[in-house]
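# Structural description and commentary
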Amino acid sequence: MKKFSIVIAGGGSTFTPGIVLMLLEHLDRFPIRQIKFYDNLEERQEKVAQACEILLKERAPEISFLATTDPETAFQDVDFVMAHIRVGLYAMREKDEKIPLKYGVVGQETCGPGGIAYGMRSIGGVLELVDYMEKYSPDAWMLNYSNPAAIVAEATRKLRPDAKIINICDMPVGIEERMAQAIGLASRKELVVRYYGLNHFGWWTDIRDKAGNDLLPQIQAHVAKYGYSLPEEIEASQHADASWMHTFAKAKEVYEVDPSTLPNTYLKYYFFPQDEVAHTNPSFTRANEVMAGREKHVFGECQRIVENQTATDTTLEVDEHASYIVDLARAIAYNTQERMLLIVPNEGAIVNFDEQAMVEVPCIVGSNGAEPITQGKIPRFQKGLMEQQVAVEKLVVEAWAEGSYQKLWQALILSKVVPNARVAKELLDELIEANQAFWPELH
Ligand code: NAD
Ligand code: G6P
Ligand code: MN
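Residues numbered from 1 in each chain as written. Chains lettered and ligands numbered in written order. Predicted model: local features only at pLDDT ≥ 70, side-chain atom pairs only at ≥ 80, totals over all residues. Heavy atoms only, no water.

## Section: the pairing of strand 3 (residues 64–68)
Bridging between strand 2 (residues 32–38) and strand 3 involves 5 bridges; their strand directions are parallel. Looking at the pairing, Q34 lines up with S64 of strand 3. (Pairing = 2+ DSSP bridges. Helix = DSSP H or I, 4+ residues; strand = E, 2+ residues; numbered from the N terminus.)

And the structure:
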């Protein structure tokens, strides 16, 4: 059986050790001969790489391993690029969150002005990865989960239309795991769903078990009472912090807006922005929480592994939740025709919506990539919201490509969480100042 070669781009990510452990758990389904790490920040990647090297030697010595900042070494001889980069690191995430809050506006990694600012940084980084892949391993596929996925996906659609890249988000996966648990099923894999939207901006319209029984009413009854909160919380979840618990509970109110569907958690930022601003501490945002929590834990553990020269007693955990990445890679490698929610060009999947929009819908995945499943026509409410949000995302990509100040200002004005054009301009000017090292020059 063929064994695959993988490069993890963003090797210094806090998610890298969990992904490596997850890949090791799935070797019987997805055999690997080589894992490479690529990052543009050697110092950060080294800490994770040294620990993962020890871990791999102990658990799968047959897999060859290297970590590099050299694109050619990283991208040659690979079948898959698994990309999770964060251009600007947590220092810039912190600004994405804190600058809008100064104006009483939602400060979030992927939504509103923070997401726009992060998008303007990420586009260039992700396009660079695509170009390295096409240069050194033209047959490879990139599985991208670098954020903000909506904007990054639109950029790759528009600027690298022929690239073999699939953009994917783990939020639907995480929510579906909760739905399954809420109604007593063993796994999200028992659910067959219909869903439409943009990334971090969508709705489930139908959920059945494999026999075809309608599960939607049961899940809706749970969400009407508890949101996506569970009586017994999922252990070892990526979404375990108090702020995530708040988000899952808040889904109860988000659900009330359209009780015929089930919402993505991220809609809370658009429906109840003032609630988010009110309960956020503007001097300790999610970036601070992540730095004090996940980053400290992962890097502390990596250091301990290196000091002890063993990972046998590590508290680093398998990110089982991330096994959707293996499902996606397998679907392409083995033509499994698995049904998965992906971010793809609409091209009629949502019948009454822009054909050229990047939408999140169920797809059948095989060796040719993703084939979207038609979701039919969507109601006026969702269509109106999505038209506005997709315009934001498209204007950001146009602003990046053309260096247009005007278009980026318009994107901010259109963002549902920004109150008016004046605040949008003040925000834009402050974001330009903060992002000088990362954004193209705007004129
Ligand atoms: P992190 O800062 O710990 O790691 C990101 C790494 O990327 C860093 O080591 C950084 O040096 C590296 N990097 C930055 N720019 C680069 C470039 N141009 N080329 C190569 N490497 C580069 O961040 P994290 O919190 O672990 O998150 C990583 C990414 O994964 C983020 O974009 C995050 O939003 C995303 N993410 C997405 C999902 C999803 O559902 N799509 C889920 C979890 C995380
Ligand atoms: C969810 C989203 C991701 C996002 C992550 C943020 O999983 O789908 O797109 O990156 O949450 O998590 P964090 O713990 O970094 O705030
Ligand atoms: Mn996501």
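## Thoughts on unusual backbone geometry
Residue P148 follows N147 across a cis peptide bond; omega there is -15°. Position of P148 relative to the elements: it lies in the loop between strand 5 (141–144) and helix 6 (149–159). Look at H200: it is not a glycine, yet its phi comes out positive at around 60°. Looking at where H200 falls in the secondary structure, it is placed in the loop between strand 7 (192–198) and strand 8 (201–208). The phi angle at N335 is positive, at roughly 55°, despite the residue not being glycine.

## Some thoughts on the site of ligand 1
The local shell around ligand 1 holds 26 residues, among which S13, T14, D39, Y90 and Y118 are the closest. Between an oxygen atom of ligand 1 and a side-chain N or O atom of N147, the distance comes to 2.8 Å. Protein coverage of the free-state accessible area of ligand 1, which is 870 Å², stands at 96%. (Near = heavy atom within 4 Å. Polar contact = N/O pair within 3.5 Å; in protein donor to acceptor, adjacent residues only side chain to side chain. Areas by Shrake-Rupley, 256 points an atom, 1.4 Å probe, with all protein chains shown as cover.)

## What to know about the sheet that holds strand 7
Across the sheet, which stays open at both edges, the 3 strands sit in the order 7-8-9 with antiparallel pairing between neighbours. Each having just a single partner strand, strand 7 and strand 9 (262–263) make up the two edges of the open sheet. One ladder, built from 7 bridges, connects strand 7 with strand 8; its direction is antiparallel. Following the sheet pairing, V193 is matched in strand 8 by I207. Seen against the sheet, helix 14 (residues 380–402) touches strand 7 and strand 8 and runs at an angle of roughly 55° to strand 7. (Contact = heavy atoms within 4.5 Å. Axes fitted to C-alpha atoms, helices over the stretch in contact; angles between N-to-C directions.)

## Digging into helix 9 (residues 242–256)
Since there are 3.6 residues in each turn of an α-helix, residues three or four apart along the chain are aligned in direction. Taking 1.5 Å per residue, 15 residues should reach 21 Å; helix 9 reaches 23 Å between its end C-alpha atoms and fits that length. Its maximal kink placed at K250, helix 9 deviates by approximately 30°. Among the residues of helix 9, those classed as buried are W244, T247, F248, K250, A251, V254 and Y255. Residues of helix 9 that are buried in the fold lie against helix 7 (171–182), helix 8 (216–226), strand 9, helix 10 (268–271), helix 11 (273–279) and helix 12 (286–308). (Expected span 1.5 Å × (residues − 1). Bend = angle between axes of the 7 residues up to and from the residue. Buried < 20%, exposed > 50% of the residue type's maximum accessible area, 1.4 Å probe, protein only.)

## Things to note about the site of ligand 2
Near ligand 2 you find 14 residues, and of these R93, D170, H239, R286 and R294 are the closest. Taking H200, its side chain carries an N or O atom lying 3.2 Å from an oxygen atom of ligand 2. Between R294 and ligand 2, the recorded distance is 2.7 Å, taken from a side-chain N or O atom to an oxygen atom. Protein burial of ligand 2: of its 390 Å² of free accessible surface, 93% is covered by the chains. Ranked by residue count, the leading element in the shell around ligand 2 is helix 12, at 3 residues. Broken down by class, the residue content of the shell around ligand 2 amounts to 5 nonpolar, 4 polar and 5 charged. (Nonpolar A, V, L, I, M, F, W, Y, C, P; charged D, E, K, R; others polar.)

## Some words on the coordination of the manganese ion (ligand 3)
Those protein atoms acting as donors to the manganese ion (ligand 3) are C169 (SG) and H200 (NE2), and they sit at 2.2 to 2.4 Å. Here H200 lies in the loop between strand 7 and strand 8 and C169 lies in the loop between strand 6 (165–167) and helix 7, a separation of 31 residues in the sequence. Across the pair, H200 and C169 agree in class, each one buried. (Donors = N, O, S within 2.8 Å, 3.2 Å for Na, K, Ca; no water.)

## A closer look at the UniProt feature "active site" (unreviewed entry) in the protein
Following the UniProt record, one finds the feature "active site" (unreviewed entry) at D170 and Y266. Despite a sequence span of 97 residues, these residues sit close together in the fold, their greatest C-alpha distance being 12.2 Å. Here D170 lies in the loop between strand 6 and helix 7. Among the residues examined, D170 registers a relative accessible area of 16% and is labelled buried. Not counting residues within four places of it along the chain, the set of residues in contact with D170 comprises Q238, H239, H321 and Y324. Topologically, Y266 is positioned in the loop between strand 9 and helix 10. In contact with Y266, other than residues within four places in its own chain, are Q108, T110, C111, M171, H200 and W244. (UniProt positions renumbered as here; feature names shortened; annotations may be inferred.)

## Quick word on the packing of aromatic side chains
Per the counting criterion, the structure on display carries 16 aromatic pairs. Ring centres 5.9 Å apart and planes at 40° place the aromatic pair F271 and F381 in the tilted group. Remark: F381 occurs in helix 14 and F271 occurs in helix 10; sequence separation between them is 110 residues. The exposure class of F381 is partly exposed, given its relative accessible area of 39%. For R178, the ring lying beneath its charged end belongs to F248, and the centroid distance is 3.6 Å. (Phe/Tyr/Trp six-rings, centres within 6.5 Å; stacked < 30°, edge-to-face > 60°. Lys NZ or Arg CZ within 6 Å of the ring centre and 35° of its normal.)

## Regarding the nonpolar core
Most often, soluble globular proteins keep nonpolar side chains buried together rather than apart. Judged by nonpolar contacts, the single largest core of 129 residues is most densely connected at W204, I207 and L262. With 8 residues, the single largest contributor to this core is helix 14. Grouped together as the second largest cluster of nonpolar side chains are 20 residues, V87, L129, V130 and M142 included. (Core = buried A, V, L, I, M, F, W, Y, C linked by side-chain atoms within 4.5 Å.)

## Quick look at the packing of helix 1 (residues 16–25) against helix 2 (residues 42–59)
Closest axis-to-axis distance for the helix 1/helix 2 pair is 10 Å, and the angle between their directions is 15°. Relative to helix 2, helix 1 is oriented roughly parallel. With respect to the hand of their crossing, helix 1 and helix 2 are arranged in right-handed fashion. Judged by residue contacts, T16, P17, V20, L21 and L24 of helix 1 engage V48, C52, L55, L56 and R59 from helix 2. Residues belonging to the contact of helix 1 with helix 2 are distributed by class as follows: 8 nonpolar, 1 polar and 1 charged. (Parallel < 35°, antiparallel > 145°, perpendicular 65-115°, else oblique. Left-handed = near helix turned anticlockwise from the far one by under 90°.)

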